[in-house]
Amino acid sequence: MSVRGLRVIEIINKIADDIEKNKMYLTELDAAIGDGDHGLNMSKGFLAVKEKLKDDDGNNIGDILKKTGMALVSNVGGASGPLYGTAFMKAAMVVNGKKEIEIEDFKQVLEAALEGIKIRGKAKLNEKTIIDALEPAVEALKNALDNGSNAEEALKKAVNAAETGVEHTKDIIATKGRASYLGERSIGHQDPGAASCLLILKTIYNEISC
Ligand code: ADP
Ligand code: MG
Ligand code: MG
């Protein structure tokens with residue numbers, strides 16, 4: 001598997017389209033335990049991303065991810081903007097100057113994204129956030145690659161782990177972000193940020209495996 005810059009842009013555009021399709025779903029999840037804007041925030045952010053990448057020549061994948069992160073940070077008012085924005089900007093650093101990336105690069109991209117979110121949001125696993133989808137996905141991807149899986153298999157395992165992680169957010173109390181105001185009443189509801197993270201990973205898997 002080798003993915004060139006222009007293909008990375010196509011995949012990011014597809015993420016934007018899938019976010020748009022799931023805008024109301026993400027917003028409903030957020031209405032239950034937050035302020036009901038997660039889908040709207042993500043949609044607004046990714047529309048800005050699409051616009052920003054329109055004229056990109058695809059020659060530097062680091063640049064593509066940096067532009068994506070900057071568009072998210074500067075166009076999303078909610079917590080998810082700076083969090084996902086930092087994730088993309090941190091990820092940009094590990095592939096700076098690259099015209100194409102392999103699955104090993106993507107592993108590092110995802111690790112850097114997770115680290116960025118952790119540093120920015122100061123949250124860890126089991127606080128009912130994006131991390132509950134992303135961290136299991138990163139671990140599953142690493143394990144699969146270490147055990148000889150190919151890119152498609154490893155990405156599938158990452159998606160499955162993120163899915164389990166999202167399900168698990170229903171069973172735990174939010175201790176970060178707006179949902180933490182609800183305390184125990186946040187139990188029984190899925191975290192919207194974990195759900196959007198799963199959505200992004202699914203799109204990447206679908207695009208790589210077709
Ligand atoms: P806001 O809460 O400002 O309205 P959004 O609704 O767009 O922003 O995003 C909410 C999501 O952000 C939550 O579902 C959660 O996954 C994520 N989130 C909030 N705070 C943190 C944090 N400190 N670390 C990681 N993720 C967080
Ligand atoms: Mg919200
Ligand atoms: Mg908000």
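Up top is the structure.
Position numbers for residues start from 1 in each chain and track the written sequence from start to end. To label them, take the chains in the order written and letter them from A, then take the ligands in the order written and number them from 1. Totals for whole chains, interfaces and linings use all residues, but because this is a predicted model, local features are given only for residues with pLDDT of at least 70 and pairs of side-chain atoms are given and counted only at 80 or more.

A. Structural context of the overall build of the chain. Only DSSP runs of H or I with at least four residues qualify as helices, and only runs of E with at least two residues qualify as strands; both kinds are numbered from the N terminus onward. The helix and strand tally for the chain stands at 9 helices and 2 strands. Overall, the chain shows an N-to-C arrangement of helices and strands of β-α-α-α-α-α-β-α-α-α-α. The C-alpha radius of gyration of the chain comes to 16 Å, within 12% of the 17 Å expected for a compact globule of 210 residues. Along the three orthogonal principal directions, the C-alpha set of the chain runs to about 45 × 40 × 30 Å. Residues counted as buried form 52% of the 210 residues belonging to the chain. In this treatment the radius of gyration is a C-alpha quantity, and the globule benchmark scales as 2.2 Å times the residue count to the 0.38 power. Neighbour counting defines burial: a residue surrounded by 20 or more other C-beta atoms within 10 Å of its own C-beta is buried, one with 12 or fewer is exposed, and intermediate counts give partly exposed, using backbone-placed C-beta atoms.

B. Representation of the packing of helix 7 (residues 131-146) against helix 9 (residues 192-209) within the structure. To get an axis, fit a line to the C-alpha atoms, keeping to the stretch in contact for a helix; angles then go from 0 to 180 degrees between the N-to-C directions. The contact between helix 7 and helix 9 brings their axes to 7 Å, and the two run at 40°. Here helix 7 lies oblique to helix 9, going by the angle between them. On the side of helix 7, the interface is formed by Asp132, Ala133, Leu134 and Ala137, while helix 9 contributes Ala194, Cys197, Leu198 and Leu201. Counted by class, the contact of helix 7 with helix 9 contains 7 nonpolar, no polar and 1 charged residues. For classification purposes, angles smaller than 35 degrees are called roughly parallel, those larger than 145 roughly antiparallel, those between 65 and 115 roughly perpendicular, and all remaining angles oblique. Remark: residues whose backbone-derived C-beta atoms lie within 7 Å of one another are considered to be in contact. When residues are sorted by character, Ala, Val, Leu, Ile, Met, Phe, Trp, Tyr, Cys and Pro go into the nonpolar class, Asp, Glu, Lys and Arg into the charged class, and all the rest, Gly among them, into the polar class.

C. Representation of the site of ligand 1. Taken together, 24 residues lie around ligand 1, and Gly78, Gly121, Thr129, Gly177 and Gly193 are the ones closest in. Elements that contribute at least two residues to the shell around ligand 1 include exactly helix 3 (38-53), helix 5 (80-94), helix 6 (103-121) and helix 9. Among the elements that take part in the shell around ligand 1, helix 9 stands out by supplying 3 residues, more than any other. Looking at the shell around ligand 1, its residues break down into 8 nonpolar, 9 polar and 7 charged. The criterion for a residue being near a molecule or strand is simple: its C-beta atom, placed using the backbone, must lie within 6 Å of it.

D. Inspection of helix 4 (residues 61-75) at higher detail. Expected helix span is computed as 1.5 Å times (number of residues minus one). With 15 residues, helix 4 should reach 21 Å at 1.5 Å per residue; the first-to-last C-alpha distance of 21 Å fits that figure. Buried within helix 4 we find Ile61, Ile64, Leu65, Lys67, Thr68, Gly69, Ala71 and Leu72. Looking at the buried side of helix 4, the elements it contacts are helix 1 (5-21), helix 3, helix 5 and strand 2 (100-101).

E. Here's a closer look at helix 6. Between its terminal C-alpha atoms helix 6 stretches 27 Å, which fits the 27 Å expected from 19 residues at 1.5 Å a residue. What helix 6 keeps buried is the set Phe106, Lys107, Val109, Leu110, Ala112, Ala113, Leu114, Gly116, Ile117, Lys118 and Gly121. In this structure, the buried residues of helix 6 make contact with helix 5, strand 2 and helix 7. Backbone geometry just after helix 6 places lysine 122 at a positive phi near 50°.

F. Representation of unusual backbone geometry in the model. In this structure, lysine 122 is a non-glycine residue whose phi angle is positive, near 50°. Topologically, lysine 122 is positioned in the loop between helix 6 and helix 7. On the basis of neighbour counts, which here come to 9 C-beta atoms within 10 Å, the residue lysine 122 falls in the exposed class. Even without being glycine, lysine 128 reaches a positive phi, approximately 65°. Mapped onto the elements, lysine 128 comes out in the loop between helix 6 and helix 7. Judged by the 29 C-beta atoms lying within 10 Å of it, lysine 128 falls in the buried class.

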